[in-house]
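Remarks on the overall topology
Chain residues, written in single-letter form:
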Amino acid sequence: MKYAMLIYKDETALSEKQCEECYRDSTQYAQELNSEGKYLSAVPLHPTATATSVRVRGDKRMVTDGPFAETREQLGGFFLVEAKDLDEAIDIAARIPGGRWGTVEIRPVVDVAGLPVTGAITGDTISAATGASTEVTVAKGAVIRGAAN
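The sections below set out a description of the structure shown in this document.

Cut-offs and rules
Residues numbered from 1 in each chain as written. Predicted model: local features only at pLDDT ≥ 70, side-chain atom pairs only at ≥ 80, totals over all residues. Heavy atoms only, no water. Salt bridge = Lys/Arg side-chain N within 4 Å of Asp/Glu carboxyl O. Buried < 20%, exposed > 50% of the residue type's maximum accessible area, 1.4 Å probe, protein only. Helix = DSSP H or I, 4+ residues; strand = E, 2+ residues; numbered from the N terminus. Lys, Arg positive; Asp, Glu negative; His and termini not counted. Polar contact = N/O pair within 3.5 Å; in protein donor to acceptor, adjacent residues only side chain to side chain. Contact = heavy atoms within 4.5 Å. Pairing = 2+ DSSP bridges. Axes fitted to C-alpha atoms, helices over the stretch in contact; angles between N-to-C directions.

**What to know about the pattern of salt bridges**
Inspection of every chain in the model, using the stated rule, returns seven salt bridges. For D25, the salt bridge goes to R24, with nearest N and O atoms at 3.9 Å. On the basis of relative accessibility, which here comes to 17%, the residue D25 falls in the buried class. Look at R24 and you get exposed, because its relative accessible area is 52%. For D25, the salt bridge identified is with R100, shortest N-O distance 3.1 Å. With D25 in helix α1 (residues 16–35) and R100 in the loop between α2 (86–94) and β6 (102–108), this pair connects stretches of sequence that are 75 residues apart.

So this is what it looks like as structure tokens:
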């Protein structure tokens, strides 16, 4: 089952050095999860000061700068993982580096038939970008792995 690991923290609480450490540790953890076949994605977010909120009511679109709600902790990013059950998801979430400074919320992902699988990355796309012949396989409907020949 797929789980989203939503990482909430006070975005002003970390120094620049701590942020760099968190990104480094998160990258290392993502590599570890990937080698175990559990990694689907990880997405750190810019601070809420860079956010734009969009609301649509009827045929009116309202666009405002900043986050929708004022809260003590903000969504700083997320991991998307594959876990056999909630217990395994909890074990994965407990090791996410951003959780040291905030909260990791675990949410099961709804599987909706007909959604595209991880964008439009193909062997041709990778070959064009790298100049190498590449084989692309899709595992568990979301992970794209490639190996240059």
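**Overview of the environment of Y8**
Along the chain, Y8 turns up in strand β1 (residues 2–9). For the pair Y8 and Q74, spaced 66 residues apart in sequence, the C-alpha separation works out to 5.1 Å.

**Description of the side chain of E82**
With respect to the secondary-structure elements, E82 resides in strand β5 (residues 74–82). Within the buried core, E82 has no salt-bridge partner, and the shortest N-O distance to an opposite charge, that of K2, equals 4.5 Å. Separated by 2.7 Å, the side chain of E82 and the backbone nitrogen of M1 make a polar contact.

**Quick notes on the environment of Q18**
If you trace the backbone, Q18 turns up in helix α1. Relative accessible area serves as the criterion here: at 27%, Q18 is assigned to the partly exposed category. Residues Q18 and W101 lie 83 residues apart in sequence; the distance between their C-alpha atoms is 9.9 Å. Once residues lying within four places of it in the same chain are set aside, the contact partners of Q18 are A13 and W101.

**A short note on the pairing of strand β3 (residues 52–57)**
Two elements, β3 and strand β4 (residues 60–65), share six bridges in a ladder whose sense is antiparallel. Within the sheet, the bridge partner assigned to V56 lies in β4 and is R61. Hairpin remark: β3 followed by β4, antiparallel, with two residues in the connecting loop; positive phi at G58, about 65 degrees.

**Some thoughts on the sheet that holds β1**
Spatially, four strands are ordered β2-β5-β1-β6 in an open sheet, and the strand pairing comes out antiparallel. Of all strands in the sheet, those bounded by a partner on one side alone are β2 (39–44) and β6. Put simply, the sheet's adjacent strands are angled 20 degrees from each other on average, direction ignored. Pairing analysis gives five bridges linking β2 to β5, with the strands arranged antiparallel. Looking across to β5, one finds that A42 is bridged to F79. Against the sheet, α1 touches β2 and β5, its axis set at about 15 degrees to β5.

**Let's talk about the side chain of K9**
Position of K9 relative to the elements: it lies in strand β1. The side chain of K9 sits in the buried core without any salt bridge; E11 is the nearest counter-charge, 6.2 Å away. For K9, the residues in contact, after removing those within four places along its chain, are L14, E73, Q74, W101 and G102.

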